[in-house]
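Results of the structural survey
What follows is each chain in one-letter form.
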Amino acid sequence: MLAIDIGNTFIKAAVVDGRGVSNISYLSTEKCIRENKFFPLLPLKKISANGIAIASVRKQALEIIMNEARSLFGGAPFIVDISTDTGIKNLYLTPDTLGIDRLVTSAAAWHLYRQGDSPVITVDMGTATTIDLVSSKGEFMGGIIAPGLESALEGLLENAPELPRVIVEKVNRLIGRTTAECMSSGAVASQAAMIRGLTDMIDPHAVAVVTGGMAPVISNWLNGRYIIDENLMFKGLKLIYERNRNS
């Protein structure tokens, strides 16, 4: 199946089958909206509307992809929303404001990684860094939305334009010896410290799964408690698609 994650900054798509996740593609969300197309920009040739699952936080891009799928494949993809059976109970007080990506990754983490009676914490590092809790009973409790690694860095540069621009990448030394090194370690290590601190504050014994595009950048600053799974969203879409397939 083809899993599509429509985010604020990027639309990510991947093929998910019994062997895992492959053929991952990235497209700017703004480019999709501006050019009013999506599938012609993917490097995949064999696509069926019956095998497409989508989660979206951008309505305009979702409408483009839905209309395009109907035109190209003669059918509508499977759309995950807050009413979809994800296998966990949603206790969020304002479900209409909940980004569906948070629910999908939380459901995936709970189904794939829970251990005994431990709750599961999901950390998704994208434009924002979200940290969400699923109880041991499979209840989505809510969580935390914080600035993402790159968003925080951009905010710093916007307010301090004399600082140099740095590439966001793994750093191995905490104490920088140049301004650029200080900024790199500050951006990366501060995100890791925030994640470690907040997950401990939520529940120091919960299983913690970290995903999202920035997860590999901070992985060396996290201890063995943290499971890194960059493809958690795609796996979650497949799990939910299979769960709802008959209906």
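What comes next is a walk through the structure. (Residues numbered from 1 in each chain as written. Predicted model: local features only at pLDDT ≥ 70, side-chain atom pairs only at ≥ 80, totals over all residues. Heavy atoms only, no water.)

**Considering the packing of aromatic side chains**
Here is the rule we go by: Here the aromatic set is Phe, Tyr and Trp, taking the six-membered ring for Trp, and pairing holds for ring centres within 6.5 Å; pairs whose planes are under 30 degrees apart are stacked, those over 60 apart are edge-to-face, and all others are tilted. A helix here means a DSSP run of H or I that spans at least four residues, while a strand means a run of E at least two residues long, and both kinds are numbered starting from the N terminus. For each residue, the accessible area found with a 1.4 Å probe, counting protein chains only, is set against the maximum for its type, and the residue is called buried under 20%, exposed over 50%, and partly exposed in between.
The tally for this structure, following the rule as stated, stands at 5 aromatic pairs. Pairing phenylalanine 78 with tyrosine 241 gives two aromatic rings, centres 5.9 Å apart and planes at 70°, and the pair type is edge-to-face. Separated by 163 residues along the polypeptide, phenylalanine 78 in strand β5 (residues 78-79) and tyrosine 241 in helix α7 (residues 232-244) bring together distant segments of the chain. On the basis of relative accessible area, phenylalanine 78 is assigned to the partly exposed category, the value being 22%. By relative accessible area, tyrosine 241 is classed as buried at 9%. Geometrically, the ring pair formed by tyrosine 92 and phenylalanine 140 is tilted, given 6.0 Å between the ring centres and 55° between the ring planes. Taken together, the residues span a long stretch of sequence, with tyrosine 92 in the loop between β6 (89-90) and α3 (100-113) and phenylalanine 140 in strand β9 (residues 139-147) at a distance of 48 residues. The class for tyrosine 92 is partly exposed, based on a relative accessible area of 22%. In this structure an aromatic cluster arises from ring pairing among Phe38, Phe39 and Phe73.

**Focus: unusual backbone geometry**
In this model, asparagine 23 sits at a positive phi of 50°, which is unusual for a non-glycine residue. Along the polypeptide, asparagine 23 turns up in strand β3 (residues 20-28). In this structure, asparagine 36 takes a positive phi of about 55° despite not being glycine. Counting through the fold element by element, asparagine 36 comes out in the loop between α1 (29-35) and β4 (52-56).

**Regarding the packing of helix α4 (residues 149-159) against helix α5 (residues 179-202)**
Put simply, the test is: Where helices are involved, their axes are fitted lines through C-alpha atoms of the stretch in contact, as for all axes, and angles between N-to-C directions lie from 0 to 180°. For classification purposes, an angle smaller than 35 degrees is called roughly parallel, one larger than 145 roughly antiparallel, one from 65 to 115 roughly perpendicular, and anything else oblique. In this scheme the crossing of two helices becomes right-handed for a clockwise turn of the near helix relative to the far one and left-handed for an anticlockwise turn of less than a right angle. Here, two residues are considered to be in contact whenever any of their heavy atoms come within 4.5 Å of each other. Residues were grouped as follows: Ala, Val, Leu, Ile, Met, Phe, Trp, Tyr, Cys and Pro as nonpolar; Asp, Glu, Lys and Arg as charged; and all remaining residues, including Gly, as polar.
Here α4 crosses α5 at 140°, and the two axes come no closer than 10 Å. Classed by the angle they form, the pair α4 and α5 counts as oblique. As α4 runs across α5, the sense of the crossing is right-handed. Packed against α4, whose contacting residues are Leu149, Leu153, Leu156 and Leu157, the element α5 presents Met183, Ala187, Val188 and Gln191 at the interface. Of the residues belonging to the contact of α4 with α5, the class tally is 7 nonpolar, 1 polar and no charged.

**Quick look at the pairing of strand β2 (residues 10-17)**
For clarity, the cut-off: Any two strands with at least two DSSP bridges between them are considered paired.
Pairing between strand β1 (residues 2-6) and β2: 5 bridges, direction antiparallel. Residue isoleucine 4 lies in a different strand from β2, and its bridge partner there is alanine 13. Where β2 lies against β3, 7 bridges are found, and the strand directions are antiparallel. Note on β3: the bridge partner recorded for lysine 12 is tyrosine 26. Counting the residues that bridge the hairpin from β2 to β3 gives 2 residues.

**A few points about the sheet that holds strand β10 (residues 207-211)**
On the basis of which strands lie adjacent, the open sheet formed by 6 strands has the order β6-β9-β8-β7-β10-β11 and mixed pairing. Of all the strands in the sheet, just β6 and β11 (226-228) have a single pairing partner and so form its edges. In terms of strand pairing, β6 meets β9 through 2 bridges, oriented parallel. Each bridged residue has a counterpart across the sheet, and for lysine 89 the counterpart in β9 is glutamate 139. Contacts from α3 reach β6, β7 (120-125), β8 (128-134), β9, β10 and β11, with the element oriented near 125° to β9.

Spatial relationships are all this shows, so hold off on functional conclusions.
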